[in-house]
Amino acid sequence: MPAILAALGATPSGARAERVRRSPHFRDGSFRNSTPTRTMVGGESRPSVREFLTGGERRRPSAPVPLVTGEAATSADGLHLTWYGHATVLVEIEGARVLLDPVWSDRCSPTPGIGPKRLHPMPVALADLPRIDAIVISHDHYDHLDMPTVQALTRSQQAPFLVPLGVGAHLERWGVPDHRIIELDWEESADVAGLTLTATEARHFSGRTLRRNGTLWSSWVIAGEQRRVFYTGDSGYFDGYAAIGERHGPFDATLMQIGAYDKGWPEIHMFPEEAVAAHLDLRGDLLIPVHWATFNLALHPWAEPVDRLWAEAKACDVNLAVPRPGERVDVTAPPALDPWWQALSS
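Please read these numbers as outputs of a predicted model, since none were measured by experiment. (Residues numbered from 1 in each chain as written. Predicted model: local features only at pLDDT ≥ 70, side-chain atom pairs only at ≥ 80, totals over all residues. Heavy atoms only, no water.)

### What about the sheet that holds strand β10 (residues 195-200)?
Convention followed: The criterion for strand pairing is that DSSP finds at least two bridges linking the strands in question. Helix numbers and strand numbers start at the N terminus; a helix is a DSSP run of H or I with at least 4 residues, a strand a run of E with at least 2. Contacts are residue-level and defined by heavy atoms, with any inter-residue pair within 4.5 Å sufficient. Axis definition: a line fitted to C-alpha atoms, over the contacting stretch in the case of helices. Angles run 0 to 180 degrees between N-to-C directions.
If you trace the seven strands from one edge of the open sheet to the other, you get β9-β10-β11-β12-β13-β14-β15, paired in mixed fashion. Strand pairing shows two members of the sheet lacking a second neighbour, β9 (189-192) and β15 (319-320), which therefore form its edges. Inspection of the sheet shows strand β12 (residues 228-231) paired to strand β13 (residues 251-257) by three bridges, in the parallel sense. Residue pairing in the sheet places F230 in a bridge with T254 of β13. In this fold helix α7 (residues 272-281) packs onto β13 and β14 (284-290), with an angle of close to 150 degrees to the strand it touches most, β14.

### Looking at α7
Filter applied, for reference: To sort residues, take the accessible area from a 1.4 Å probe on protein chains only and compare it with the maximum for the residue type: under 20% means buried, over 50% means exposed, and anything in between is partly exposed. Think of it as the arc spanned by the lines of direction from the helix axis to the C-beta atoms.
Residues P272, A275, V276, A278 and H279 constitute the buried set of α7. The buried residues of α7 occupy one face: seen down the axis, they fall within an arc of 165 degrees. Positive phi shows up at R283, right after α7, with a value of about 65 degrees.

### A look at the side chain of H144
The criterion, for reference: Identification of polar contacts relies on pairs of N or O atoms within 3.5 Å, with a donor-acceptor requirement for protein atoms, meaning one able to donate a hydrogen and the other able to accept it, and with residues adjacent in sequence counted only if both atoms are side-chain atoms.
Along the chain, the position of H144 falls in the loop between β6 (134-136) and α4 (147-156). Residue H144 is classed as buried on the basis of its relative accessible area, which comes to 0%. Within the local environment of H144, its side chain forms a polar contact with the side chain of D143, the two groups lying 3.3 Å apart. A polar atom in the side chain of H144 sits 3.3 Å from the side chain of H291. If we ignore the near neighbours within four places in the chain, the residues touching H144 are H86, A87, D101, P102, V103, I137, S138, H139, Y231, D234 and H291.

Structure (structure tokens):
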């Protein structure tokens, strides 16, 4: 029980709470999206418990997901992206390494035996990661912020954690030293290892208990001298993507959330077609999908997000790479698209 209580995190207090209260996005005790946003719509669009439990969709792969192991993360000049599964990505950019939303636990849940279970192993052990220069968190939901992973990285790495406002309270409770926590509001930046990391707007929500929106959620811009990467975090589609593209783009690559969508919550997660539209708004070059294949978090079939994404990318002439978990993509010379997932969806 103590471990479960710890995994729930902590409420911002002291100077951290004062920064939260000063944010222009915090009103009446909660963070707010700039666009009115519902976490769940009503009526017939709302999925039932029965649909979750007994729906006929194939929500799991029909065979083991192919992993790529042993890919060298050399942090060479240039830009390389390694998707490990769900939203966890290693960004190697101009000699620095940035780890996004690291989750190595078997379940995204505060309890070890309950909650969505991983559909494929991580392709690399946490202990085998190379030296990381920055660890970036998009928001505090369990499939993006994992207490055991954070604690392991605190012991094994020296990198700072860059998080949206308020999320530092969770890290502090879990033993992350204060000097390794950098909290940012939207459009605030920090310079780390020769990079500029900027928290940018997203359309989502937060919370690890029944109380919601006490901490901020964000997308992220990772910018070097020559290269730029955008990561959505979790977000519904909104006109803020065009503003981010104008202010921070163009981007060599975008890491776009495509999975866990539903007509019951269309404003907090993007449908695959919206991910393509957002990529174009952002002025992105190469699109790499994330937030699919690893955890069963919605009613759609397992491979549907990437099938829909591929069709829309072809229709809009968008450059697309769909790596296997652990596959390292050279953004300047991405591999030809191989629909490896289709053999697992029948």
